Amino acid sequence: EAFASWTYCYNRPWFVHRVHDILATVQMVSAPIATGHLATGDNRKSVEVDLVGLDGSGLWVAAAAAQARDSLSHIAIQTDGFRFAKVLDVYDVDFFPGAAKHGDLPGLLALLAPARLWLSGEREKQTSIIESAYLAAGSLDNLTLSKHRDSDGADDAVTWLLE
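Every chain is numbered independently, its residues counted from 1 as its sequence is written. It should be noted that, the model being predicted, local features are given only for residues of pLDDT at least 70 and side-chain atom pairs only at 80 or more, the latter also being counted only at that level, while totals for whole chains, interfaces and linings use all residues. Only heavy atoms go into the side-chain values, all of them from the structure, while hydrogens and water stay out.

1. Thoughts on the environment of arginine 69
Quick reminder of the rule: Secondary structure is summarised from DSSP: a helix means a run of H or I of at least four residues, a strand means a run of E of at least two, and numbering begins at the N terminus for each. Any two residues whose heavy atoms approach within 4.5 Å at even a single point are treated as in contact. By the criterion applied in these results, polar contacts are pairs of N or O atoms within 3.5 Å in which, for protein atoms, one can donate a hydrogen and the other can accept it, and in which residues neighboring in sequence qualify only through two side-chain atoms.
Of note, arginine 69 is situated in the loop between helix H3 (58–68) and strand S4 (74–78). For the pair arginine 69 and valine 49, spaced 20 residues apart in sequence, the C-alpha to C-alpha distance is 10.0 Å. Residue contacts for arginine 69: discarding those within four places in its chain leaves Leu111, Leu112, Ala113, Pro114 and Ala115. A distance of 2.7 Å separates the side chain of arginine 69 from the backbone oxygen of leucine 111, its partner in a polar contact. A distance of 2.7 Å separates a polar side-chain atom of arginine 69 from the backbone oxygen of alanine 113.

Pasting the structure below:
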């Protein structure tokens, strides 16, 4: 019989492993690059990192971006209306213990304020907590809500990133 505490008492869920991989990649890419033999002072340049999560990866990118938002220039997320509360199998790859009771995916997205965020896949009434967080941070202009709820929004994300 499946019971989350048996599995996740000592083991991290697959969701956490995926977020960890994204964070490791962001850290590696955003580290200042040495332009000479020694990586000191003037011969180091930093790199702008844009993080994009489309086609089912938006929830992992949201969790990673909430932890690394200061290292990110732009964040584009397509959620496809995903909710942790709908994950009922403890062995589902997107199972994340406690996520549903702590604001679910909109609560996680609210943690991104004041970062520059393009968001697709959410209904208008589901974005109120996210908009409230951006308003409280004084950065409502940094939030772009796409009208698309499906994969057609990917073109909009690329356009937004290139602006």
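2. Side note on a nonpolar patch on the surface
Defined as follows: Residues qualify for a patch when their relative accessible area is over 30% and they have no salt bridge, like charges being joined within 9 Å and the nonpolar side chains of Val, Leu, Ile, Met, Phe, Trp and Tyr within 5 Å. Note on areas: Shrake-Rupley with a 1.4 Å probe; residue coverage comes only from the protein chains shown. When a carboxyl oxygen of Asp or Glu lies within 4 Å of a side-chain nitrogen of Lys or Arg, that pair is called a salt bridge. Throughout this description, buried means an accessible area under 20% of the type-specific maximum (1.4 Å probe, protein chains only), exposed means over 50%, and partly exposed covers the range between.
A cluster of nonpolar side chains, Met28, Val29 and Val47, forms an exposed patch at the surface whose accessible area comes to about 260 Å². Along the polypeptide, valine 47 turns up in the loop between strand S2 (44–45) and strand S3 (50–53). Residue classification places valine 47 among the partly exposed positions, given a relative accessible area of 32%.

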